[in-house]
Amino acid sequence: MKISARNQLKGTVKSITDGAVNGIVTIEIAEGKEVSATISMSAIKELDLEKGKAAFAIIKSTEMMIAEGKQKISARNQFAGKVVSVEDGVVNGIVKVEIAPGVVVSSTISMNAIKELGLEKGKDVVAVAKATSVMVGVE
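Residues numbered from 1 in each chain as written. Predicted model: local features only at pLDDT ≥ 70, side-chain atom pairs only at ≥ 80, totals over all residues. Heavy atoms only, no water.

A.B. asks: Any chance you could explain the overall build of the protein chain here in plain terms?
C.D. replies: Scanning the protein chain from terminus to terminus reveals two helices and 10 strands. Along the protein chain, from the amino end to the carboxyl end, the secondary structure elements read β-β-β-α-β-β-β-β-β-α-β-β. Summarising its shape, the C-alpha atoms of the protein chain cover approximately 45 × 35 × 25 Å along the three principal directions. The buried share of the protein chain, reckoned over its 139 residues, is 44%. Within the protein chain, contacts between residues separated by at least 24 positions form 60% of all contacts whose residues are at least 6 apart in sequence. Positive and negative side-chain charges in the protein chain, numbering 18 and 16 respectively, have mean positions lying 1 Å apart. (Helix = DSSP H or I, 4+ residues; strand = E, 2+ residues; numbered from the N terminus. Buried < 20%, exposed > 50% of the residue type's maximum accessible area, 1.4 Å probe, protein only. Contact = heavy atoms within 4.5 Å. Lys, Arg positive; Asp, Glu negative; His and termini not counted. Charge placed at Lys NZ, Arg CZ, Asp CG, Glu CD.)

Printed below as a string of structure tokens:
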């Protein structure tokens, strides 16, 4: 699978919660690290998703937010981690955060936000993504 989304997190389907139109697919990407994706029930069936199946949680870097600590918000996916790099741009920058050993997510955010949050290598942060911003892929 080759796609432009920077965050392609390989894991295993841990659970599926069925709904009338959408379901919630939980993918374990590392020990104790899970990603929740809200996708249509038809997509769940078309991808033949079931517990234990290998799958990817796919999140565009523009959909990954960065916070200074765990937030009381509706976003299901909040990953504590450490900034491993910051690539400055003119308007936006790319912040990479290691959320588990060897698991790095990328976030494209404004340079203003990077400066306001004081983001630099080694800083503890939380990477945040809404479950509706997560796509699911299989090979």
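A.B. asks: Even after reading the chapter, I still don't get the sheet that holds strand β5 (residues 65-67), so can you show me in this structure?
C.D. replies: Across a sheet, strands are paired by hydrogen bonds formed along the backbone, either parallel or antiparallel in direction. One open sheet accounts for five strands, arranged β5-β9-β6-β7-β8; its pairing is antiparallel. Sheet topology places β5 and β8 (103-110) at the edges, where each strand pairs with a single neighbour. Neighbour-to-neighbour, the strand axes of this sheet turn through a mean angle of 45°, independent of strand direction. With three bridges joining them, β5 and strand β9 (residues 124-129) adopt antiparallel strand pairing. The partner of Ile66 across the bridge, within β9, is Ala127. (Pairing = 2+ DSSP bridges. Axes fitted to C-alpha atoms, helices over the stretch in contact; angles between N-to-C directions.)

A.B. asks: Please explain the sheet that holds strand β4 (residues 54-59) as it appears in this structure.
C.D. replies: As summarised here, the arrangement of the five strands in space is β3-β2-β1-β4-β10, forming an open sheet in which the pairing is antiparallel. The two strands at the open ends of the sheet, each matched to only one other strand, are β3 (33-40) and β10 (135-137). Sheet twist, expressed as the mean angle between neighbouring strand axes with direction ignored, is 45°. Relative to β3, strand β2 (residues 22-30) runs antiparallel, the two being bridged by eight bridges. Bridge pairing in β3 places Ala30 opposite Lys33.

A.B. asks: I'm lost on the pattern of salt bridges in this one. Help?
C.D. replies: A side chain of one charge can pair with a side chain of the opposite charge if their charged atoms are brought near each other. Tallied over the full model, the rule gives four salt bridges. Between Lys82 and Asp124 there is a salt bridge, with its nearest N and O atoms 2.8 Å apart. Of this pair, Lys82 sits in strand β6 (residues 77-87) while Asp124 sits in strand β9, and the two are 42 residues apart along the sequence. (Salt bridge = Lys/Arg side-chain N within 4 Å of Asp/Glu carboxyl O.)

A.B. asks: Would you mind showing me how to read unusual backbone geometry here?
C.D. replies: When glycine is set aside, most residues are seen to have a negative phi, and most peptide bonds are trans. Residues other than glycine seldom take positive phi values, yet Asp48 does so here, at roughly 55°. Considering the arrangement of structural elements, one finds Asp48 in the loop between α1 (41-46) and β4. Since its relative accessible area comes to 49%, Asp48 is described here as partly exposed.

These figures capture arrangement, not role.
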